[in-house]
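Results of the structural survey
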Amino acid sequence: MTTATPTHHPVAVIGAGLGGLTLARVLHVHGIEAALFDLDASPTARAQGGMLDIHQESGQAALRAAGLHDDFRTLVHPGGEAMRVLDQHSVVRMKQDDEGDGDRPEVERGRLRDLLLGSLPEGTIRWGAKVTGARPLGGGRHEVTLADGSVFTTDLLIGADGAWSRIRPLVSDATPVYSGLSFVEADLLDADTRHPDSAGVVGGGMFMALGAGKGFLAHREPDGSLHIYTALKVPEEWIDGIDFTDTALAKAAVLDQFAGWDESLRALVADADGALVPRRIHTLPVGHRWDRVPGVTLLGDAAHVMSPFAGEGANLAMLDGAELGAALAAHPRDTEAALAAYEQALFPRSETSAAESAENLITCFRDDAPQGLLDLFAGYQA
């Protein structure tokens, strides 16, 4: 009885999020083939909603390296860089209009992902390929096992598979921990027509209404909907005590946390269309790094998942992908030199952003909120 030889891929990327896709695109630009594996059954298996501000020095730099920056500019949401900061009484404490000259334009995550997907050769991504484990074979090679029982081998294994990466254990014992903050997400559809008061409160771009230990964050999306993030500093198990399949009950539980807040802010949850979606925010330790392990590395949330309060998650994932791709192209016969060069830049960059994110989370929800955030913005403008 003979055993079939596993399929071999010179470069295997686990995860087809923004970071993995950017890496694959930059490698393709340099004539290097990569195989991507993603657990989703198809590119449309789940919603990719939410707005992203794409930073000039990171996300936009990555798109330039991928040869996609001009196409990206056509996806930008006009007016999306506007910003409003309110207190719990719905008093506007800061307002910035989008003059069209900012360096952090807003784009829908799904449309950006579609741009990257469309830039790759047919067959690059293996959909419905959930990785359950990986083991070293020696000499930098690895064997990867999928949920269907199949295996493949690779000379270079890249974990771009998010906060709960199956590849991270090959290089690090670190696991994400609860940040102390949970989100409950909601949508108000066709807001100008169906929810005009809420549309007026949120404005045309990014919105934050903050108080001690809690607040509302929102984006206006290009389709006219409002996407709401209710932020709460609560114990990790708080979400488990609420039946989110009962939307009326879930709304009441969330709004109970906002007693005394202005009704125009409470309406962002009370009037929400559809179910509420809870999400705990987890982070890796600030300064997470690992010793060089032959034939494997990480990017994006697999390497440095952090809270969203530096706005760097997607931007760093894309920059990681672009820089790893460039390093591999620059060292075509020395993968280890490429990985060492990539990680040498990755570690301090991600540590700086993770520290900023952790500090900003504290600042945003201080007892005198939103004053901490206002002081932070004043410092940027000074």
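Whatever comes next refers back to the structure up there.
Criteria and thresholds
- Residues numbered from 1 in each chain as written.
- Predicted model: local features only at pLDDT ≥ 70, side-chain atom pairs only at ≥ 80, totals over all residues.
- Heavy atoms only, no water.
- Phe/Tyr/Trp six-rings, centres within 6.5 Å; stacked < 30°, edge-to-face > 60°.
- Helix = DSSP H or I, 4+ residues; strand = E, 2+ residues; numbered from the N terminus.
- Buried < 20%, exposed > 50% of the residue type's maximum accessible area, 1.4 Å probe, protein only.
- Lys NZ or Arg CZ within 6 Å of the ring centre and 35° of its normal.
- Contact = heavy atoms within 4.5 Å.
- Pairing = 2+ DSSP bridges.
- Axes fitted to C-alpha atoms, helices over the stretch in contact; angles between N-to-C directions.

1. Some remarks on the packing of aromatic side chains
Enumeration over the complete set of coordinates arrives at eight aromatic pairs. Pairing Trp290 with Phe347 gives two aromatic rings, centres 4.8 Å apart and planes at 85 degrees, and the pair type is edge-to-face. Of this pair, Trp290 sits in the loop between β15 (273–283) and β16 (296–298) while Phe347 sits in helix α11 (residues 335–364); the two residues are 57 residues apart in sequence, bridging distant segments of the chain. Taken as a pair, Trp290 and Phe347 share a single burial class, namely buried. Across from the ring centre of Phe37, 5.8 Å away, lies the NZ or CZ of Arg126, which sits over that ring. Of note, Lys214 hangs over the ring of Phe258, and the distance from its end group to the ring centre comes to 5.8 Å.

2. A few points about unusual backbone geometry
Cis peptide bonds are those with omega within 30 degrees of zero, and the linkage from Ala369 to Pro370 qualifies with 10 degrees. For Asp190, which is not a glycine, the phi torsion comes out positive at approximately 45 degrees. One can find Asp190 in the loop between β11 (177–188) and α5 (191–194). A residue is classified by how much of its surface remains accessible, and Asp190, at 39% relative accessible area, is partly exposed.

3. As for the environment of Leu232
Counting through the fold element by element, Leu232 comes out in strand β14 (residues 226–233). Not counting residues up to four positions away in its chain, the partners in contact with Leu232 are Gly180, Leu181, Ser182, Gly213, Lys214, Trp238, Gln257 and Phe258.

4. Comments concerning the sheet that holds strand β13 (residues 214–220)
Taken together, seven strands build an open sheet; the order of strands is β5-β4-β12-β13-β14-β11-β15 and the sheet is mixed. Each of the sheet's edge strands pairs with one partner strand only, and the pair in question is β5 (92–96) and β15. Here the average twist between neighbouring strands, direction ignored, is 15 degrees. As paired strands, β11 and β15 are joined by seven bridges and run antiparallel to one another. By the bridge assignment, Val177 is partnered in β15 with Thr283. Strands β11, β14 and β15 of the sheet are contacted by helix α7 (residues 247–255), whose axis makes an angle of about 50 degrees with β15.

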